[in-house]
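# Chains, contacts and geometry: an overview
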Amino acid sequence: MGGKRKGRENKGLEGEEDNMADGGYRSSASNSGHDNVDGSNAKRQLLPSMIKNKEKRSAVHAKLKHQKKLEKRKKIKARDAAEKRALELGEEPLVRKTPRTIENTRELDETICKPDDDELFVGNDADEFSSILKQEQTPKVLITTCRFNSTRGPAFITELLSVIPNAHYYKRGTYDLKKIVEYAKKRDFTSLIVVHSNRREPAVSILHEFDGFLIDALVIIGLPDGPTAHFKLSRLVLRKDIKNHGNPTSHEPELVLNNFTTRLGHRIARLLQSLFPVEPNFRGRRVVTFHNQRDFIFFRHHRYIFETKEVKQADSKGDVAKVSKGEKKSQEKTIVRLQYVIVEVLMWQIDGLQSALIGLEKHQSLMPNKECGPRFTLKLISLQHGTFDSKGGEYEWVHKPEMDTSRRRFFL
Amino acid sequence: EKNKAGTMPRTIAVESPGCPPIRAFTFDVLGLVKVIESRGKQGTPKVVDRWGEPDSSKCIVAASIDDCKFHPLLAVARKGGQIELLNPLNGDLHVAINAVDNPAMEPQEHPFVGLHLFKKLRMDSCRSCTLLTCTGKGQASIRTVEVSPADSASLASHKSWIVSAAGDISCYKVDGSENYALFGGKGVEVNIWDLDQCSKIWTAKPPPKNSLGIFSPTWFTSVTFLSKDDHRKFVAGTNNHQVRLYDISAQRRPVMSLDFRETPIKAVAEDEDGNTIYVGNGSGDLASFDIRTGKLLGCFIGKCSGSIRSIARHPELPVLASCGLDSYLRIWDVKSRQLLSAVFLKQHLTATVFDSNFTDEVNPPSNEEQDAIEIQRDEEAMVPVKRKKASKDSEGHKKQKAKKKSKKIKGHVAEEP
């Protein structure tokens with residue numbers, strides 16, 4: 001690094017470009033960005049990284065940053081003033097540029113599902129979940145834990161049992177996971193969930209308590225010979241820790257699966273979908289959301305209510321009775337209402353639904369929803385073909401560090 | 001600029017040198033055959049054709065190609081017990097045979113695991129082809145199929161024998177001379193059969209118990225002969241991530257045993273020099289070993305995240321093709337182990353073969369009328385390709401399921417332009 005810096009002093013302009021391509025944490029990077037604007041001065045301007053004296057260098061860098069900040073503020077002020085003027089004059093204000101986000105600049109992925117792909121549909125019909133999703137089988141889920149810690153019923157498991165209808169908890173004992181798979185197959189279970197926790201919690205820990213164990217991972221196995229998905233679980237918040245939480249009922253929930261665009265994502269979405277019954281009970285106003293963003297799947301569980309727009313928020317908060325579903329006014333609110341969306345449809349209408357979701361969250365008066373049940377984040381570690389087989393298993397997708405070479409590439 | 005730190009993965013893409021002109025076929029779980037071609041010295045392989053309609057009951061389990069210049073033939077075995085003989089130039093179905101021996105037996109119970117199309121017996125007449133098939137339960141048979149233009153197949157000579165009464169066959173391979181075949185599987189030690197006499201000439205013995213006394217059950221998942229000329233040496237991959245070299249003229253126990261990572265060895269392929277083997281396992285790692293010394297030459301880094309089901313080595317060009325459950329066909333350079341290209345094919349792939357007769361030039365149309373195209377693909381372990389296309393009933397030769405992907409290269413040069 002030091003060597004490079006020295007070399008750069010001699011290069012001048014090229015040096016600056018080198019700077020730019022280099023790490024962002026280099027102060028020179030911002031400087032060179034600034035310098036390139038007036039390239040002619042580049043050679044003459046002194047890059048902070050060229051100054052050897054740390055105090056002087058940090059002072060110069062701080063000054064540059066401050067200058068940039070002032071310029072940015074000026075630009076924003078000017079832009080806002082221009083907009084205001086344009087509005088007053090009745091003209092069209094200038095269109096604001098869309099900010100560049102990682103999701104916007106996501107690498108082009110050829111594995112994204114396309115709506116006209118007949119192979120996709122045939123593949124769906126032929127995959128392991130089709131019998132459940134076509135309602136030929138009702139989902140029945142077996143939840144268990146890893147060995148050695150199922151003595152005291154953990155809170156997370158009870159919450160999972162309340163989220164997933166038709167779920168049963170069995171203590172792990174010392175059975176081999178393969179034996180448990182056999183047992184579950186015999187009893188006609190359609191999925192097996194293993195809540196895995198390894199680490200004992202440190203002395204003081206508030207988050208994701210599990211009787212002294214921190215919950216680490218979730219393994220979802222489709223049965224009879226479905227794939228095995230291994231997720232890393234983090235940021236678990238139990239119901240009791242959520243402010244103003246609601247209490248879930250036992251109606252079938254509506255399912256929202258957001259942003260599972262690639263073939264792999266589609267398969268995972270179908271796996272998650274197969275845990276829940278296909279037909280939701282809209283009257284129950286219960287919704288379970290799996291939202292995928294940057295390969296992290298966020299799980300949320302809400303109860304929502306309808307409310308007329310005119311009515312003030314004060315009355316409606318927490319008042320479950322205000323259901324306007326049956327009323328004619330529900331017509332207006334159909335955009336806001338969370339429909340039961342099948343993943344395929346979601347993909348094509350994702351913008352509409354996402355804006356609806358955003359609308360939900362922003363306009364509290366429109367639809368105050370109570371969060372109930374746990375909240376956690378999943379990240380897919382591997383997807384194994386067939387049921388769990390630690391030795392002889394073959395993987396459909398496994399995360400390898402060589403895949404992480406780009407910040408804008410995601411797999412789900 | 002290269003890596004910022006020595007241990008981080010490469011963040012700047014290396015310019016891929018492009019792919020030499022090749023033509024390859026892939027076969028998948030929906031029974032589709034996809035033709036991938038790359039033109040020009042540094043082309044990009046693209047899917048140029050797709051044969052068959054997506055249908056999961058037509059899942060291709062094994063495939064074998066005879067890519068001779070005239071009358072090449074592609075044989076495909078499907079899950080339901082059908083064998084189809086296709087014209088590799090355009091996918092036309094020559095013959096479709098329902099090759100289930102015993103009509104009372106459900107084809108699904110005894111699905112094919114292996115198919116081999118014999119090359120040597122096709123020279124004389126193009127009217128018939130010979131296929132070796134093998135089912136999972138150990139039923140092997142050699143049949144000669146008459147391919148008449150009327151598209152009806154008549155089964156001529158038919159020899160069948162039981163390879164193994166107990167256990168499941170999961171890998172097979174026919175050697176270069178097409179006189180011997182290897183079979184192995186779960187609970188089945190590797191054994192070699194003389195195909196003329198249908199007799200077993202050699203069986204392997206499991207390696208001695210290791211010092212801890214741990215016994216791992218026999219389970220071979222892939223097998224291949226080391227060279228075309230010598231049927232005595234072969235390499236087998238096990239479910240327990242071991243790659244073993246056997247020499248039948250030396251001893252029954254493996255001569256050398258290598259351990260590779262932690263998932264089953266799903267595919268092995270040999271290089272023509274007789275010294276290098278390519279190994280692919282269940283978590284998508286592809287590596288090459290020098291079998292003389294047992295040294296790992298290197299891994300093929302290319303973000304392959306799914307189990308490798310089949311490896312094919314091009315007989316002439318230094319390229320390797322691998323396909324598997326991550327739905328990609330990857331073309332690698334053999335010497336530098338660099339990824340030349342990856343083609344996304346949307347389904348779980350079960351096999352791939354090369355068509356070695358492919359050239360870029362426009363040739364006068366070849367008239368491969370593959371009437372009797374019986375392509376013997378001994379060495380090319382046809383990667384089970386799900387070909388949807390007209391399946392020629394290639395009677396699956398029960399070849400030891402070679403996990404290797406044979407690089408069957410088809411020589412359809414003539415058609416291409």
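Residues numbered from 1 in each chain as written. Chains lettered and ligands numbered in written order. Predicted model: local features only at pLDDT ≥ 70, side-chain atom pairs only at ≥ 80, totals over all residues. Heavy atoms only, no water.

## Digging into the packing of aromatic side chains
All names here are of chain A.
- If you walk through the whole model with that rule in mind, you get 18 aromatic pairs over all chains.
- Here F276 and F290 contribute two aromatic rings whose centre-to-centre distance is 6.2 Å and whose plane-to-plane angle is 65 degrees, an arrangement assigned as edge-to-face. With F276 in the loop between α10 (263-273) and β7 (286-293) and F290 in strand β7, this pair connects stretches of sequence that are 14 residues apart. Taken individually, F276 and F290 each receive the classification buried, so the pair is uniform in this respect. (Phe/Tyr/Trp six-rings, centres within 6.5 Å; stacked < 30°, edge-to-face > 60°. Helix = DSSP H or I, 4+ residues; strand = E, 2+ residues; numbered from the N terminus. Buried < 20%, exposed > 50% of the residue type's maximum accessible area, 1.4 Å probe, protein only.)

## Description of the nonpolar core
- In this structure, F156, F231, I268 and F290 of chain A are the most contacted members of the largest nonpolar core, which totals 42 residues.
- The element that contributes the greatest number of residues to this core is α10 of chain A, accounting for 5 residues.
- In this view, F290 of chain A contacts L255, V256, L257, N258, F260, L272, F276, I297, F298 and F299 of chain A; residues no more than four positions away in its chain are not counted.
- Listed in part, the 33 residues of the second largest apolar core include V61, I83, I142 and F183 of chain B. (Core = buried A, V, L, I, M, F, W, Y, C linked by side-chain atoms within 4.5 Å. Contact = heavy atoms within 4.5 Å.)

## A word on the pairing of strand β1 (residues 22-28) of chain B
Residues and elements named next belong to chain B.
- Among the 7 residues that make up β1, 7 are buried, leaving the element largely enclosed by the rest of the structure.
- Covered by surrounding structure in β1 are I22, A24, T26 and D28 together with R23, F25 and F27, the residues of both alternating faces.
- Relative to strand β2 (residues 33-38), β1 runs antiparallel, the two sharing 6 bridges. The residue bridging R23 from the neighbouring strand is E37, located in β2.
- The antiparallel hairpin formed by β1 and β2 contains 4 residues in its connecting segment, where G31 sits at a positive phi of about 75 degrees. (Pairing = 2+ DSSP bridges.)

## Some thoughts on the UniProt feature "repeat: WD" (unreviewed entry) in chain B
- When the UniProt feature table is mapped to this numbering, "repeat: WD" (unreviewed entry) covers residues 301-342 of chain B.
- End-to-end, the C-alpha atoms of residues 301-342 of chain B are 12 Å apart, and along that stretch the chain is 0% helix and 52% strand. (UniProt positions renumbered as here; feature names shortened; annotations may be inferred.)

## Observations regarding the confidence of the model for chain B
All names here are of chain B.
- Taken residue by residue, chain B gives an average pLDDT of 77. The fraction at 70 or more is 76%.
- Contacts of residues 1-6 to residues separated by more than four positions or lying in other chains number 12 contacts, the stretch itself having pLDDT below 50.
- In this model, residues 363-417 is a region of pLDDT below 50 whose contacts with residues beyond four sequence positions or in other chains number 440 contacts. (pLDDT = per-residue confidence, 0-100.)

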